[in-house]
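Read off the chains here:
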Amino acid sequence: MAIEILRRRPPSELYPSRAAVDLIRHFEGLSLTGYLDPIGIPTIGYGRTGPVAVVGKRITLAEADALLDEDVASHAQIVRDQITVPLTQGEFDALTSLAFNLGYIPKSLKACLNGGVTDAGKVMTPGSYGSALLQFPRNCRAGGKPMKGLYRRRLAEACIFSDLPWENACSISVIKLQVTEGGQIDPNESTSLEDTLMRARLDTSRPPDTSSTIKKPWSELVKKAEPEAVPATGEAEPAEKEAPQPNPPLVSAPVPAPPSGPAVQAPAVVVPAPQPPPPPVKPAAPPVGGVIVTKPPPEPVIIAPKSVDVRSIPYGEITPENGAKNMTDSQRGIGMVIVGAGSLIQIITTRLGVGTAVGAIAFDLSRDPVVIALAATAVVAAIGWFTRKRGTKVMTKGMIEARTLLK
């Protein structure tokens, strides 16, 4: 449950969750062959040290997982032994990861949680969880020098301590660490704890998991978990009226007791209540005068081709009775003749004004496209004039006969 995860409980009741194991796996890394860590300690598996860690030794993945389970359990017990105040699941997981890496709980962090004096000489009251959170980035040294890998891990543990996701907020491309000449962390050039926690709060890449991570303050959850106040009259406020249920309510029918023997109360059998019969269907009105009047069906629509005079298409639809006009009878032909005549007169006039050779005029006219078009039009007009009468009669007769048959 969400509130159960954020509820602080004694460390003796807590165990490392999957979030703690995943964080440890990520930062420790896996090596099935023994090696020396940055400060020269033999290590194998998921950061396992001790007699089993021999440089060059090979182990299997199953053996590495078994060693990890042992180490997580043993360092979780360190948290239970050294911390005396209640912890949330996230706080317990962060401290387990810190103890896994360092082998102990730092003095200042224990002073903030249990109460006591920090290494800076400040007296802390028990349960100073906010001050304990600030101690994580301070414990990132190996061999006395701050290291980026440890600094990034401390920030990730601080996110877990605050019940926030750490994967994106503490990615290797985001976290920066700059060390001054005196061996201190440069606050202006290094990623701060505040910026990391802000990125973690705004991280929406991972869907919310109410079973492991809650991003609301503890004070709000405690306030919501408290029972609602009852009015002074002692009566609870009426709930909203429920909508009518579509299904009939269930009623309990008693079961008769057995005829002999001691009386035993039989369980009630729940049976559905009888539903009301459906309303009777109103019969249709009787026909008037004993005759059923029905609406006549619509007349069928007959689609037939429309008679079209093919000769009249370019010049507008003209009925065969009035005769069909060709190009020579239309205003378009007359206009072309006028335009051609005007062009011819213009050419002749211009040519006569320039020279007097009749041969030059004829030669120019033979090459003029307008004259050629006029000549072709004249030939076509002559052919149409000779065929007009005969063609008109044949086409008109055929169209009249076709229209008569279609009617």
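The structure we're discussing is the one just above.
Described in the following lines is the structure provided in the data block. (Residues numbered from 1 in each chain as written. Predicted model: local features only at pLDDT ≥ 70, side-chain atom pairs only at ≥ 80, totals over all residues. Heavy atoms only, no water.)

**Looking at the overall build of the chain**
Right, so step 1: What the chain contains, in helices and strands, is twelve helices and eight strands.
Right, so step 2: Taken across its 407 residues, the chain has 29% of its residues classed as buried.
Right, so step 3: The contacts of the chain with a sequence gap of at least 6 include a subset with a gap of at least 24, amounting to 55%. (Helix = DSSP H or I, 4+ residues; strand = E, 2+ residues; numbered from the N terminus. Buried < 20%, exposed > 50% of the residue type's maximum accessible area, 1.4 Å probe, protein only. Contact = heavy atoms within 4.5 Å.)

**A few points about the side chain of Asp93**
Right, so step 1: Here Asp93 lies in helix α4 (residues 89-102).
Right, so step 2: A polar contact of 2.4 Å, which involves the side chain of Asp93, links it to the side chain of Ser17.
Right, so step 3: Once residues within four sequence positions are removed from consideration, Asp93 is found in contact with Tyr15, Pro16, Ser17, Ala19, Ala20 and Ile160. (Polar contact = N/O pair within 3.5 Å; in protein donor to acceptor, adjacent residues only side chain to side chain.)

**A few points about the packing of helix α7 (residues 148-161) against helix α8 (residues 193-201)**
Right, so step 1: Two numbers describe how α7 lies on α8: the axes approach to 10 Å, and their chain directions differ by 50 degrees. Put simply, α7 runs oblique to α8. Considering the relative orientation of α7 and α8, their crossing is right-handed. The residues of α8 that touch α7, namely those facing Leu155, Ala158 and Cys159, are Leu193, Thr196, Leu197 and Ala200. (Axes fitted to C-alpha atoms, helices over the stretch in contact; angles between N-to-C directions. Parallel < 35°, antiparallel > 145°, perpendicular 65-115°, else oblique. Left-handed = near helix turned anticlockwise from the far one by under 90°.)

**What to know about the state of the cysteines**
Right, so step 1: Scanning the model with the defined rule gives zero disulfides in all.
Right, so step 2: Considering cysteine sulfurs only, Cys170 is the nearest to Cys159, which forms no disulfide, with 4.0 Å between them. (Disulfide = S-S within 2.5 Å.)

**Here we look at helix α2 (residues 18-28)**
Right, so step 1: What α2 keeps buried is the set Ala20, Val21, Leu23, Ile24, Phe27 and Glu28. Projected down its long axis, α2 shows its buried positions confined to an angular sector of 160 degrees, all on one face.
Right, so step 2: Those residues of α2 that are buried are in contact with α3 (61-82), α4 and α7.
Right, so step 3: Within two residues after α2, Gly29 carries a phi angle of roughly 75 degrees, on the positive side. (Arc of directions from axis to C-beta.)

**Looking at the pattern of salt bridges**
Right, so step 1: Per the stated rule, a full pass over the model turns up eight salt bridges.
Right, so step 2: In this structure, the salt-bridge partner of Glu70 is Arg48, at a minimum N-O distance of 3.5 Å. Note that Glu70 is positioned in helix α3 and Arg48 in the loop between β2 (42-45) and α3, a separation of 22 residues in sequence.
Right, so step 3: What you see here is one network of salt bridges that share partners, running through Glu28, Arg153, Arg154 and Glu157. (Salt bridge = Lys/Arg side-chain N within 4 Å of Asp/Glu carboxyl O.)

**So, the packing of aromatic side chains**
Right, so step 1: All told, the structure shown has two aromatic pairs when counted by the stated rule.
Right, so step 2: Measuring from ring centre to ring centre gives 5.5 Å for Phe27 and Trp166, while their planes differ by 40 degrees; the resulting arrangement is tilted. On the criterion of sequence distance, the pair formed by Phe27 in helix α2 and Trp166 in the loop between α7 and α8 is long-range, its members being 139 residues apart. When sorted by exposure, Phe27 lands in the same class as Trp166, which is buried.
Right, so step 3: When the centroid spacing of 5.4 Å and the interplanar angle of 55 degrees are considered together, the rings of Phe136 and Phe161 count as tilted. (Phe/Tyr/Trp six-rings, centres within 6.5 Å; stacked < 30°, edge-to-face > 60°.)

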